[in-house]
Amino acid sequence: MKSSLASGYALLIVIWSTTALAIKWGVSGIPFTLALMVRFDLAAMLGLLLLLWRKQSLPLDRAHCRAYAIAGIATALSMLCSFWAAQFIASGLIAVLFGLAPLATGLFAARWLDSPLRRAEWLAILLSLSGLAIIFSQHLNLSPAGLPGMAVLLLGMTLQSGAAVLLKRYASTQSALSVNAGALLVCAGLSTAFWLISSAPLPAALPGRALGALIYLASIGSVLAFSLYYWLIRECRPISVALISLITPASSLWLGHWLNHETVQWHELAGTALIMLGLGLQILQSRR
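No experiment lies behind these values; they were computed from the predicted model shown.

1. Remarks on a nonpolar patch on the surface
Step number 1: Together, Leu11, Val14 and Leu224 give the surface a local cluster of nonpolar side chains, amounting to about 230 Å² of exposed area.
Step number 2: Turning to its location among the elements, Leu224 is positioned in helix α9 (residues 208–235).
Step number 3: By relative accessible area, Leu224 is classed as partly exposed at 33%.

So this is what it looks like as structure tokens:
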């Protein structure tokens, strides 16, 4: 993996490792559909400003609009599914279910890109997913009431995985900044529609912590992170980018240990070791 790709990969892991906490703070005290709308409306404006600053345009030809639609619709619906399902499913189970993203991505890539998973990639996925399951083994309980939430979460994961492969197919030569700005405009429109349909009330004022979290999600979590994400999809195999979904839950957990001085359990050490082993196999495979 080239140094620039490795740096982008590492930065995206760091950003997405902090996203879960930011989302939790962002929806505290306000309806989640309103939080989504604020995040994506602000992110769309920042994305357009970034394009102006970089003196890039927002092409509106058929090919670019198709990329905006693929990325924007998948992101908006995936986030909606995740936020709704989080009301019924433990965070550990959410992490493990989204850990299936590399497998779903590999299956889509095999069908749409004629790029089947290699043996080393199968092994990397199995090792990393096993490590993720070990880390969150005490939080995988699911009540009957959570079954619809699990189904909706799997739908969101599948949409995101399929969109990554379609972008590799249809947007491999397009600017990542342009794709992200166009996608965020689509997200802004859809999230506004979600809020209007939900009839969620407007609060008298946004709580300070929630506002700060939404600003972070819009600027760092959307404009910067998704620009990196679309760039990595363009430059790498989609399966390599999808493996981030296996790494970020573990890195989020370790951030909690470092920042809050929480005790490290043996199963967390073992699970992290398996995830890193899987990532190492993928990196070695990508160098061949």
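2. Looking at unusual backbone geometry
Step number 1: Non-glycine residue Lys55 carries a positive phi angle of around 55 degrees.
Step number 2: In this structure, Lys55 sits in the loop between α2 (32–53) and α3 (62–85).
Step number 3: The exposure class of Lys55 is exposed, given its relative accessible area of 78%.

3. Details of the side chain of Ser82
Step number 1: Structurally, the position occupied by Ser82 is in helix α3.
Step number 2: Polar side-chain contacts of Ser82 include one of 2.9 Å to the backbone oxygen of Ser78.

4. Notes on the confidence of the model for the chain
Detailed reading of the predicted coordinates is not advisable wherever pLDDT falls low.
Step number 1: Per-chain confidence: the chain averages 83 in pLDDT, with 87% of residues scoring 70 or above.
Step number 2: Mean pLDDT values over the elements of the chain span from 68, in helix α4 (residues 91–98), up to 95, in helix α8 (residues 176–198).

5. Here's the deal with empty space enclosed by the protein
Step number 1: Scanning the model with the defined rule gives 2 cavities of 30 Å³ or more in all.
Step number 2: Space inside the largest cavity adds up to approximately 70 Å³.
Step number 3: Forming the boundary of the largest cavity are Leu167, Ala171, Gln174, Ser175, Ala176, Val179, Tyr230, Ile233 and Arg234.
Step number 4: Of all the elements in the fold, those that place two or more residues in the lining of the largest cavity are α8 and α9.
Step number 5: When residues of the lining of the largest cavity are assigned to their parent elements, the largest contribution, 3 residues, is made by α9.
Step number 6: Approximately 40 Å³ is the volume attributed to the second largest cavity.
Step number 7: Along its surface, the second largest cavity is lined by Gly47, Leu50, Leu51, Leu177, Asn180, Ala181, Val223 and Ser227.
Step number 8: Among the elements of the structure, α2, α8 and α9 are those that each provide at least two residues to the lining of the second largest cavity.
Step number 9: Grouping the amino acids of the lining of the second largest cavity by side-chain chemistry returns 5 nonpolar, 3 polar and no charged.

Cut-offs applied
Residues numbered from 1 in each chain as written. Predicted model: local features only at pLDDT ≥ 70, side-chain atom pairs only at ≥ 80, totals over all residues. Heavy atoms only, no water. Patch = residues over 30% accessible without salt bridge, like charges linked within 9 Å, V, L, I, M, F, W, Y side chains within 5 Å. Areas by Shrake-Rupley, 256 points an atom, 1.4 Å probe, with all protein chains shown as cover. Salt bridge = Lys/Arg side-chain N within 4 Å of Asp/Glu carboxyl O. Helix = DSSP H or I, 4+ residues; strand = E, 2+ residues; numbered from the N terminus. Buried < 20%, exposed > 50% of the residue type's maximum accessible area, 1.4 Å probe, protein only. Polar contact = N/O pair within 3.5 Å; in protein donor to acceptor, adjacent residues only side chain to side chain. pLDDT = per-residue confidence, 0-100. 1 Å grid on protein atoms, 1.4 Å probe; cavity = no way out; pocket = protein on both sides within 12 Å on 5 of 7 lines; lining within 4 Å. Points joined across faces, edges and corners; volume = space filled by probe spheres on them. Nonpolar A, V, L, I, M, F, W, Y, C, P; charged D, E, K, R; others polar.

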